[in-house]
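Next come the chains, spelled out residue by residue.
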Amino acid sequence: MVRQLADRARAEGLQLTGEGGLLARLTKVVIESALEGEMDDHLGYGKHERAGRSNARNGTRAKKVLTEAGPVEIVVPRDRDASFEPKIVKKRQRRLSGVDDLVISLSAKGLTTGEISAHLAEIYGAEVSRDTISVITDRVLDGMADWQSRPLDSVYPVLFIDCVNVKVRDGSVANRPIYVALAVTVDGTRDILGLWAGDGGEGAKYWMRVLAEIKNRGTQDVCIVVCDGLKGLPEAITTVWPQAVTQTCIVHLLRNSFRYASRRDWPAIARDLKPVYTAVSEQAALDAFAAFAETWEAKYPAIVRLWTNAWTEFTPFLAFDTEIRKIISTTNAIESINSRIRRAVNARGHFPTEQAALKCVYLALMSLDPTGAGRKRWTARWKIALQAFEITFEGRLVPKLLTHTS
């Protein structure tokens, strides 16, 4: 049958895709054959084999469905009792699941409902309204709610926390923070724990609520929390997990340092700060910082004050094994995820509601690493570091391991 259709398509000059194209005709044959098979199962006998049974076929009805091959006109068999409930194309269903997946994928890449509608019309010759596209993408909200409230592991070696600002039109367009928490499991896999929409600037009080929710979902211990230098955040972390070590991101410290300096001095400042954050011990870091302050304090006292105020949260990683240092000295692990989020939200410009912004970010996260290659690289990178964690935080990772193997 496929050969016949292909030969006929060549003879008639049919296009491959679009309405009436070869793929659409093949799709029609497959769907209608499947529907006839479902009707056979429903009635308990094939065509022309009624043999005195009460229910029987009762003609067909035409129906147009949108598929990944374009719009397809199909005929759906009916029965006299009207009890037939097809599965492959349900009653009142006008799109096959692949189209819904395509819409969700395009939305995850930041396309607006209007852009998705135009794309479907251009590529597939299908008219799909903006309202329909919104209905399709809104279906992810139930999954998002379940994902946001799922139970978490009892302990994580590392938790990275950060914030991404999105523009929401609430009367006027304003920046709203969306908080992101990324954990590393004892198996070396990454786990995005949730998304939270804040109501103003990135504040330690709101982070306190986020961390408390994570604890209430089952996380009783975190070895190290890596964050930026937000004032009050270390106290919030200690309140939730008293044993947790708070580590300020070195990259954030460097960026903030450059904000106070002339651009022409950036290379020299970076060179003089490197011995501080690469020191073999805290004492060596103090000596290197004293040398830095002697050179730069007169010109840039704000930089010296910045590092002095952040010193307590800067130094913890200096006490750890080299493998742990590489992992926890920056929030690069979550920054790469945030860059994907920003790409999606920047394509949209601004959002009508907070819920719309959360939906866009959630879809962007769910579309990360479709092949799984990134997850494999991540796990391989963490294996050596986690051995060092087992030694450094002896006994604290055991509860999760017991749960995992039970």
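Parameters at a glance
- Residues numbered from 1 in each chain as written.
- Predicted model: local features only at pLDDT ≥ 70, side-chain atom pairs only at ≥ 80, totals over all residues.
- Heavy atoms only, no water.
- Core = buried A, V, L, I, M, F, W, Y, C linked by side-chain atoms within 4.5 Å.
- Buried < 20%, exposed > 50% of the residue type's maximum accessible area, 1.4 Å probe, protein only.
- Helix = DSSP H or I, 4+ residues; strand = E, 2+ residues; numbered from the N terminus.
- Contact = heavy atoms within 4.5 Å.
- Phe/Tyr/Trp six-rings, centres within 6.5 Å; stacked < 30°, edge-to-face > 60°.
- Axes fitted to C-alpha atoms, helices over the stretch in contact; angles between N-to-C directions.
- Parallel < 35°, antiparallel > 145°, perpendicular 65-115°, else oblique.
- Left-handed = near helix turned anticlockwise from the far one by under 90°.
- Nonpolar A, V, L, I, M, F, W, Y, C, P; charged D, E, K, R; others polar.
- pLDDT = per-residue confidence, 0-100.
- Salt bridge = Lys/Arg side-chain N within 4 Å of Asp/Glu carboxyl O.

### Quick look at the nonpolar core
If you look at the biggest cluster of nonpolar residues, it comprises 75 residues, and the most contacted ones within it are Trp307, Ile328, Trp382 and Phe389. Looking at which element gives the most residues to this core, the answer is helix H16 (residues 354-366), with nine residues. Setting aside anything within four residues of it in sequence, one finds Phe389 in contact with Pro157, Val158, Cys223, Ile224, Ile324, Ile328, Trp382, Glu394 and Leu397.

### A word on the environment of Val158
Within the secondary structure layout, Val158 lies in strand E3 (residues 155-170). Taking the C-alpha atoms as reference points, Val158 and Arg190, separated by 32 residues in sequence, lie 9.8 Å from one another. When neighbours within four sequence positions are excluded, Val158 is seen to be in contact with Leu182, Ala183, Val184, Ile224, Val226, Ile328, Trp382 and Phe389.

### Some remarks on the packing of aromatic side chains
When we look at a pair of aromatic rings, we describe it by the centre distance and by the angle of the planes. With the rule as written, the count across this model stands at 11 aromatic pairs. Relative to Tyr362, the ring of Trp147 lies with its centre 5.3 Å away and its plane at 55 degrees, an arrangement referred to as tilted. Taken together, the residues span a long stretch of sequence, with Trp147 in helix H6 (residues 140-148) and Tyr362 in helix H16 at a distance of 215 residues. For the pair shown, Trp147 and Tyr362 are each scored as buried. Between Phe258 and Trp266 the ring centres are 5.2 Å apart and the planes differ by 25 degrees, which places this aromatic pair in the stacked class. Judged by relative accessible area, which is 19%, Phe258 ranks as buried.

### A few points about the packing of helix H11 (residues 282-296) against helix H12 (residues 301-309)
Two elements in contact, H11 and H12, have axes separated by 9 Å at closest approach and are oriented at 160 degrees. One element, H11, and the other, H12, form an angle in the roughly antiparallel class. Considering the relative orientation of H11 and H12, their crossing is left-handed. Judged by residue contacts, Phe289, Phe292, Ala293 and Trp296 of H11 engage Pro301, Ile303, Val304, Trp307 and Thr308 from H12. The residue makeup of the contact of H11 with H12, split by class, is eight nonpolar, one polar and no charged.

### Re the side chain of Arg176
Checked against the element boundaries, Arg176 lands in strand E4 (residues 172-184). When residues no more than four places from it in sequence are discounted, the contact partners of Arg176 are Val164, Asn165, Val166, Val168, Asp170, Gly198, Asp199 and Glu354.

### Structural notes on the confidence of the model for the protein
Residues at a pLDDT of 70 or more form 82% of the protein, whose mean pLDDT is 80. In the model, residues 400-406 has pLDDT below 50 throughout and makes eight contacts with residues more than four positions away in sequence or in other chains.

### Here we look at the pattern of salt bridges
Close approach of charged atoms lets side chains of opposite charge pair. Under the counting rule described, the total for this entry stands at nine salt bridges. We note a salt bridge from Glu36 to Arg57, for which the minimum N-O separation is 3.5 Å. Within this pair, whereas Glu36 is found in helix H2 (residues 22-43), its partner Arg57 is found in strand E1 (residues 57-67), the two being separated by 21 residues in sequence. Across the salt bridge formed by Glu354 and Arg176, the nearest N and O atoms sit 2.6 Å from each other. With Glu354 in helix H16 and Arg176 in strand E4, this residue pair connects regions lying 178 residues apart in the sequence.

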